[in-house]
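Residue strings, one per chain:
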Amino acid sequence: MAVNLRGRSFLTLMDFSPEEIRYLLDLAHDLKAKKRAGIIGETMKGKNVCLMFEKTSTRTRCSFDVGAREEGANVVFLDSKSSQVGKKESIEDSAKVLGRFFDGIEYRGFDQKVVEDLAKYSGVPVWNGLTDIDHPTQILADMLTMEEHIAKPLKKCKVVFVGDVRNNMAYAWMYGCAKMGMKFVAYGPQELVDQVDSDVLARVDEVAKVTGAVIEVSSKLESIKDADVIYTDIWASMGEEDQIPERVKLLTPFRVDRAMLEATGNDDVIFMHCLPSFHDFETKMAKEQMELGYDIREVTDEVFRSRNSVVFDEAENRLHTIKAVMVATIGI
C-alpha cells in the first residue's frame, strides 16, 4: 500500500498506522545514508518552517533547524520571550497567523492541547517536539537506533522503561510499541505504577489487540528479563528542584547500573536515554544536589559509557527521523 503523509500533522504516534510509521523509519534510514554520502537534498526548497519553543532544548531544536536547512527550507525560531503567543494573543489567533507565513510549525512545550490547537487552526502540518504527555519524534529516533543495533525486527524486541513510569517518555513508548507490535514494560516503584494513566493503558491495549503488542507496567525486577533495551530518563527537570528529595528516595532503587543490565540475562542489551542525563557530577544541577545530599543520577557513569550504551547514536538519529517527518509532510 502506498503511503502519502503530505499535509499531515505529527502530534502523536497514535495517529499513525504501523505502515505509516514504517514508512517514516525507512525514509529516515534513506536520508541518513544520503547525508553520509554527501548528497544534499532539496525536498523542502522554498519552504518556511517555524520552530516554537516554550521549553528549552538542545537535540530537538538542532534537529529541526539543521534538518530543515539541509533540505533547503528557511527556519524561524520563536520562544516565549520573542513572541506574543499565549500572552497577548491566543493560540487560535497565533495559529491562524503563523499558518499564513509558514509551511510547517514545530511546537515544544507543556500542554498537548496547545500543539493540537496549532494543528487545528493553522491549516499547515504541525509537529510535536515534546509535551508533558508525549514525545513522538524521540520514539522514532529510538526505533531507528534499535534497528541499527539489534539484529531482529522491532516486532520481536522488548523495551523496558525504568524509573518514573508516569512521564511523557514512558507514555510515548507505550504508544510506539503498541503501534509496532512490540513488547514493552514500564518498570518502576509500585507507588508510581499505581498512578499510571488508566486511559492511556486502555488506549494502547486496544491497539495491542490488533498489532499483537504486549504492554505491561510492573514494579517487579523479573519483568526486565530478556529485555533488548533498557531505557531511562532523568528523575527531575530544571524547575522541579523541590521534588528532588522525594524522587531520589523513591527512584534510587531503580537507578540503571551494571547489575540491572545483568538481570536482563542479555549480554547484548542496549542502554538508551533521551538525554540530557545525570550520569556523573559534572553538571551544575547534579553537583549542587549532591552537596545537599541527593544523588540524582538515574544511571551510573559505568553504564552510560559502556559498550551497551548507544545514547549518542540515538541522539544523532533525532536529526534523521525529524528530517523524515518534515520531508514526508511538507516536502516537494
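Coordinates for the structure precede this section.
Residues numbered from 1 in each chain as written. Predicted model: local features only at pLDDT ≥ 70, side-chain atom pairs only at ≥ 80, totals over all residues. Heavy atoms only, no water.

Caption draft 1: Quick peek at the overall build of the protein. A tally of regular secondary structure across the protein gives 13 helices and 9 strands. A compact globule built from 332 residues should have a C-alpha radius of gyration of about 20 Å, and the protein, at 20 Å, falls within 12% of that. Seen through its C-alpha atoms, the protein measures out along the principal axes to roughly 50 × 45 × 40 Å. Pairs at least 24 residues apart make up 77% of the contacts formed inside the protein by residues separated by at least 6 positions. Carbon and sulfur atoms make up 50% of the accessible area of the protein, which amounts to about 14700 Å² in all. Across the protein, the 43 positively charged side chains and the 55 negatively charged ones have centroids separated by 4 Å. (Helix = DSSP H or I, 4+ residues; strand = E, 2+ residues; numbered from the N terminus. Rg over C-alpha atoms; globule rule 2.2 N^0.38 Å. Contact = heavy atoms within 4.5 Å. Areas by Shrake-Rupley, 256 points an atom, 1.4 Å probe, with all protein chains shown as cover. Lys, Arg positive; Asp, Glu negative; His and termini not counted. Charge placed at Lys NZ, Arg CZ, Asp CG, Glu CD.)

Caption draft 2: Layout of the pairing of strand E1 (residues 48-53). Along E1, 5 of the 6 residues are buried, which leaves the element largely enclosed by surrounding structure. Pairing of E1 with strand E2 (residues 74-79) involves 6 bridges; the strand directions are parallel. Bridge pairing in E2 places Val-49 opposite Val-75. Handedness of the crossover joining E1 and E2 through helix H2 (residues 59-70): right-handed. Here 5 bridges tie E1 to strand E3 (residues 104-108), and the two strands are oriented parallel to one another. Residue Met-52 lies in a different strand from E3, and its bridge partner there is Tyr-107. (Buried < 20%, exposed > 50% of the residue type's maximum accessible area, 1.4 Å probe, protein only. Pairing = 2+ DSSP bridges. Right-handed = clockwise from strand over helix to strand, strands pointing away.)

Caption draft 3: Quick look at helix H9 (residues 244-251). Along H9, the positions that sit buried rather than exposed are Ile-244, Arg-247, Val-248, Leu-250 and Leu-251. Contacts made by the buried residues of H9 are with helix H7 (190-193) and helix H11 (284-291).

Caption draft 4: Just the sheet that holds E1, in detail. Here 4 strands make up an open sheet; going across it, the order is E2-E1-E3-E4 and the pairing parallel. In the strand order of this sheet, the two ends are held by E2 and strand E4 (126-130), each with one partner. In this sheet, adjacent strand axes meet at a mean angle of 20° when their direction is disregarded. Along the sheet, helix H4 (residues 112-122) contacts E1, E3 and E4; its crossing angle with E4, the most-contacted strand, is approximately 165°. (Axes fitted to C-alpha atoms, helices over the stretch in contact; angles between N-to-C directions.)

Caption draft 5: Summary view of the pattern of salt bridges. Tallied over the entire structure, the rule returns 21 salt bridges. Between Glu-147 and Arg-22 there is a salt bridge, with the nearest N and O atoms lying 2.5 Å from each other. Linking Glu-147 in helix H5 (residues 136-149) with Arg-22 in helix H1 (residues 18-36), this pair joins segments that are 125 residues apart in sequence. For Glu-147, a relative accessible area of 25% puts it in the partly exposed group. (Salt bridge = Lys/Arg side-chain N within 4 Å of Asp/Glu carboxyl O.)

Caption draft 6: Focus on the side chain of Thr-264. On the secondary structure map, Thr-264 appears in the loop between helix H10 (258-263) and strand E9 (270-273). From its side chain, Thr-264 meets the backbone nitrogen of Asn-266 in a polar contact 3.1 Å long. If we skip the residues at most four places from it in the chain, Thr-264 touches Ile-224, Lys-225, Asp-226, Ala-227, Ile-230 and Val-269. (Polar contact = N/O pair within 3.5 Å; in protein donor to acceptor, adjacent residues only side chain to side chain.)

Caption draft 7: Summary view of the layout of surface pockets. Approximately 190 Å³ is the volume found for the second largest pocket. As for the second largest pocket, its lining consists of 14 residues, of which Lys-34, Ile-39, Ile-40, Gly-41 and Glu-71 are closest to the centre. Of all elements in the fold, only H1 and helix H13 (311-330) reach the threshold of two or more residues within the lining of the second largest pocket. With 5 residues, the single largest contributor to the lining of the second largest pocket is H1. Taken together, the residues of the lining of the second largest pocket sort by class into 5 nonpolar, 3 polar and 6 charged. (1 Å grid on protein atoms, 1.4 Å probe; cavity = no way out; pocket = protein on both sides within 12 Å on 5 of 7 lines; lining within 4 Å. Points joined across faces, edges and corners; volume = space filled by probe spheres on them. Nonpolar A, V, L, I, M, F, W, Y, C, P; charged D, E, K, R; others polar.)

Caption draft 8: Up close: a negative patch on the surface. The grouping of Asp-15, Glu-54, Asp-111 and Glu-116 at the surface amounts to a negative patch. With respect to the helices and strands, the residue Asp-15 is situated in the segment before H1. By relative accessible area, Asp-15 is classed as partly exposed at 44%. (Patch = residues over 30% accessible without salt bridge, like charges linked within 9 Å, V, L, I, M, F, W, Y side chains within 5 Å.)

Caption draft 9: Seen up close, the packing of aromatic side chains. For the coordinates displayed, the defined rule picks out 8 aromatic pairs. Among the aromatic residues, ring-to-ring pairing joins Phe-161, Trp-173 and Tyr-231 into one connected group. A cation over a ring is seen here: Arg-61 above Phe-77, with NZ or CZ 3.6 Å from the ring centre. (Phe/Tyr/Trp six-rings, centres within 6.5 Å; stacked < 30°, edge-to-face > 60°. Lys NZ or Arg CZ within 6 Å of the ring centre and 35° of its normal.)

Caption draft 10: Molecular detail of the nonpolar core. Core analysis: the biggest nonpolar cluster contains 77 residues, and Met-146, Trp-173, Met-174, Met-182 and Phe-184 have the highest contact counts within it. Per-element tally for this core: the top contributor is helix H6 (residues 168-179), with 9 residues. In this structure Trp-173 touches Ile-139, Asp-142, Met-143, Met-146, Val-159, Phe-161, Met-182, Phe-184 and Tyr-231, once residues within four positions along its chain are discounted. (Core = buried A, V, L, I, M, F, W, Y, C linked by side-chain atoms within 4.5 Å.)

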